[in-house]
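# Observations on the three-dimensional arrangement
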Amino acid sequence: MIPELGNFSLMLALCLALVQSIFPIAGSFRGNARWMALAKPAAAGQFLFVAFSFACLVYSFIANDFSVTYVEQNSNSLLPVYYRIAGTWGGHEGSLLLWILMLTVWTFAVSIFSGQLPDETKARVIGVMGLISIGFLCFLLFTSNPFDRTLPAAPEGQDLNPLLQDFGMIVHPPLLYMGYVGFSVAFAFAIAALMGGQLDAAWARWSRPWTLVAWMFLTLGIFLGSFWAYYELGWGGWWFWDAVENASFMPWLVGTALVHSLAVTEKRGSFKNWTVLLAIIAFSLSLLGTFLVRSGVLTSVHAFATDPRRGLYILIFLAIVIGGSLTLYAWRAPKVGLGGKFSLVSRESLLLVNNVLLLAAAATVLLGTLYPLFLDALNLGKISVGPPYFETVFVPLMLPVLLLMAVGPFVRWKSASLKELVLRLRWVALASVLIAAMIWLMISASPMSVLGIAFAAWIVLGSASHLAERLRHAPAGTPLTRRLASQPRSYWGMLVAHVGIGVFVLGVTMVKGTETTNDVNMRVGDTTSIGGYTFRLNRLENIKGPNYTAIRGTFDVARGNDKPITMAPEKRMFTARQMPMTEAAIDRGFTRDLYISLGEQAENGAWVVRVQHKPFVSWIWAGCLIIAFGGFLAASDRRYRLHARKRAQAEAHGNPINVPA
């Protein structure tokens, strides 16, 4: 009964999506207020029906209803209940339902928190999101229904993939999808603006906070995915340039360019066409990522779908969305003015260069991701494009971006003096070079490591220097706390995000330049040393988990005369799927991680053990968290809330249109 209710609820959601898209958009062109007013209740109803359907699927997992084919394929009665809930999005059908749920959450949020928008614009935005919802609901109902039954029911489930039986599975996909799907809001605003021909600063101001929130969630999702892979896969890597990772990284790169471009459009009225195009590309790459993961073209733990019909549907849907939006863009864009003029040395110019470089970087990642697939599709052979390619083409594009990151805030809008810029940044440049030189002398780092450290110092010191300049320009006698509090949140967001990039760059540079790894065969009582630490295998024991058995090794790890710490990696065998898994032991520190993973047992009885010393690896994820926090600060800027209140006050006085934008 519960699965049938969930399926029926999805059908009702599809009906409301049709209402949400057709009537509000048509009403916005006909001036029909009643039709436009349908957008908000239709969005709310669709959200409720999809949420109810999702709850039905969660209940089926918790209740071990193995008559539901999807539950039988992705769960097991021995699976802990929290992994059963996470199993809801552990496969293709459920993850697609999660995608649609996130889409309805975003749509409902736009309908609630966009009271400052003109009625026509709001109706078009919600209508465009309804069109997207129609496409995904049809995909789910007709090719990937999570409520399909197999009768009689199987006595036991096949179990959730052991790689996914981790806390990361509980939080990573929802956060990643919130970011992925969040770019649909920026896309909808862009299409709505093209429909109405109103590409102005007001449109950018309305769209920017939503884009920042989506970008923040995507940053958190990518961070958690990297962190999860680091401790779960058992070999200590934090980024693999896997096609699924690239599928989320490409929208992030374009989304970063979009956030900066929206700032220019909002403040100066420039980059209008460029900003709309970036919004279309960011969401198009999100859809492309869906195709890559859900069509079965990838050999990856994330690529759950194997039915070619699904891939064909997504390709057609992708062609309609991208082709339709680009056609509308080609029709409307030539009629849009160029906006404010600016000189070669100006903040606008630097942001334009930054955006071009980010878009080029996304293109190189796209090429490296799709090229092997094209060769395979044309029967020209199978190749693997890995880290050597990406590091060769991606890193050089990022170096000028890092250079401009510290320069940009110092440059004035419209026009700036190059000589003045050099004078203001000379001490920052000198300090960055000195710091890099000191570290090079202390640890004998490679030239690339020294360059990375210099860039990290350049970004952090440049941000600090700019903050100091702003504080000095406050009226004399103003207390420091008031000077700090007077800075807008958008400024703090920019500053914090840039510092986060600096911390991230330092972490990447140090771990890639100074990490050490040792693969050894060890028996109980054997020792090995790395990074000044001695690792001693004290014992091996058999243990039993809720749905697995394991061999656990207990190591004492000491440095000099310090008190030893205990680390216990495991080699697990999951009962249902008979799939072995490595559970690494990690001792985390502020400036280093110690990493032990247990491999296979050799014929002579010894165990293959990998021990790693990874300096500053935690700074990579600390930098990601700081970047995401910067996005949150920028999205919560007072001026976005202030304009919403102005709009509400104007409506209360019967004048909803003539509100300053």
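Residues numbered from 1 in each chain as written. Predicted model: local features only at pLDDT ≥ 70, side-chain atom pairs only at ≥ 80, totals over all residues. Heavy atoms only, no water.

Okay, the overall build of the chain next. From N to C terminus, the chain includes 20 helices and 10 strands. A globule of 661 residues ought to have a C-alpha radius of gyration of about 26 Å, and the chain, at 27 Å, matches this closely. Expressed as lengths along the three principal axes of its C-alpha atoms, the size of the chain is roughly 80 × 75 × 55 Å. Relative to its 661 residues, the chain shows a buried fraction of 57%. Taking contacts inside the chain between residues at least 6 apart in sequence as the whole, the part at least 24 apart equals 72%. About 28,300 Å² of surface is accessible on the chain, with carbon and sulfur atoms providing 66% of the total. (Helix = DSSP H or I, 4+ residues; strand = E, 2+ residues; numbered from the N terminus. Rg over C-alpha atoms; globule rule 2.2 N^0.38 Å. Buried < 20%, exposed > 50% of the residue type's maximum accessible area, 1.4 Å probe, protein only. Contact = heavy atoms within 4.5 Å. Areas by Shrake-Rupley, 256 points an atom, 1.4 Å probe, with all protein chains shown as cover.)

Below, the discussion takes up the pattern of salt bridges. In total, this model carries 17 salt bridges according to the counting rule given. Ionic pairing is found between Arg-208 and Glu-266, a salt bridge with its closest N-O pair at 3.2 Å. With Arg-208 in helix H9 (residues 201-232) and Glu-266 in helix H10 (residues 243-268), this pair connects stretches of sequence that are 58 residues apart. Accessibility classification places Arg-208 together with Glu-266 in one group, the buried group. When the shortest N-O distance is used, the salt bridge between Glu-348 and Arg-268 registers 2.6 Å. Remark: Arg-268 occurs in helix H10 and Glu-348 occurs in helix H13 (residues 347-377); sequence separation between them is 80 residues. Under the relative-accessibility criterion, Glu-348 is labelled buried at 0%. Each of Arg-412, Glu-420, Arg-424 and Glu-469 takes part in salt bridges that share partners, so that together they form one network. (Salt bridge = Lys/Arg side-chain N within 4 Å of Asp/Glu carboxyl O.)

The next thing to look at is the packing of aromatic side chains. Within the structure shown, the criterion is met by 34 aromatic pairs. Arranged with centres 5.6 Å apart and planes meeting at 50 degrees, the rings of Trp-99 and Tyr-180 form a pair that is tilted. Linking Trp-99 in helix H6 (residues 92-113) with Tyr-180 in helix H8 (residues 167-196), this pair joins segments that are 81 residues apart in sequence. Among the residues examined, Trp-99 registers a relative accessible area of 4% and is labelled buried. Take Tyr-180: its relative accessible area is 5%, and that puts it in the buried class. Ring pairs connect the aromatic residues Trp-215, Trp-239, Trp-241, Phe-249, Trp-252, Tyr-389, Phe-390 and Phe-394, which therefore count as one cluster. Between Arg-124 and the ring centre of Phe-29, over which it is positioned, the NZ or CZ distance is 4.6 Å. (Phe/Tyr/Trp six-rings, centres within 6.5 Å; stacked < 30°, edge-to-face > 60°. Lys NZ or Arg CZ within 6 Å of the ring centre and 35° of its normal.)

Here the focus is the environment of Leu-484. Mapping Leu-484 onto the fold places it in helix H17 (residues 480-485). Put simply, Leu-484 and Ala-468 are 16 residues apart on the chain and 10.0 Å apart in space, counted from C-alpha to C-alpha.

End to end, H6 covers 32 Å across 22 residues, agreeing with the expected 32 Å (1.5 Å per residue, within 8%). Burial runs high along H6: 18 of the 22 residues are buried. (Expected span 1.5 Å × (residues − 1).)

With that settled, the discussion passes to the sheet that holds strand S1 (residues 516-522). Sheet strands associate in pairs through backbone hydrogen bonding, adopting either a parallel or an antiparallel arrangement. Strand order in the open sheet made by the four strands is S1-S10-S9-S8, with antiparallel pairing throughout. Of all strands in the sheet, those with a lone pairing partner are S1 and strand S8 (585-588), marking the two edges. The average angle at which neighbouring strand axes cross in this sheet is 15 degrees, direction not considered. As judged from the eight bridges shared by strand S9 (residues 592-601) and strand S10 (residues 607-615), these two strands associate in the antiparallel manner. Residue pairing across strands places Leu-594 opposite His-613, the latter belonging to S10. Packed onto the sheet, H9 meets S8, S9 and S10 and runs at close to 120 degrees relative to S8. (Pairing = 2+ DSSP bridges. Axes fitted to C-alpha atoms, helices over the stretch in contact; angles between N-to-C directions.)

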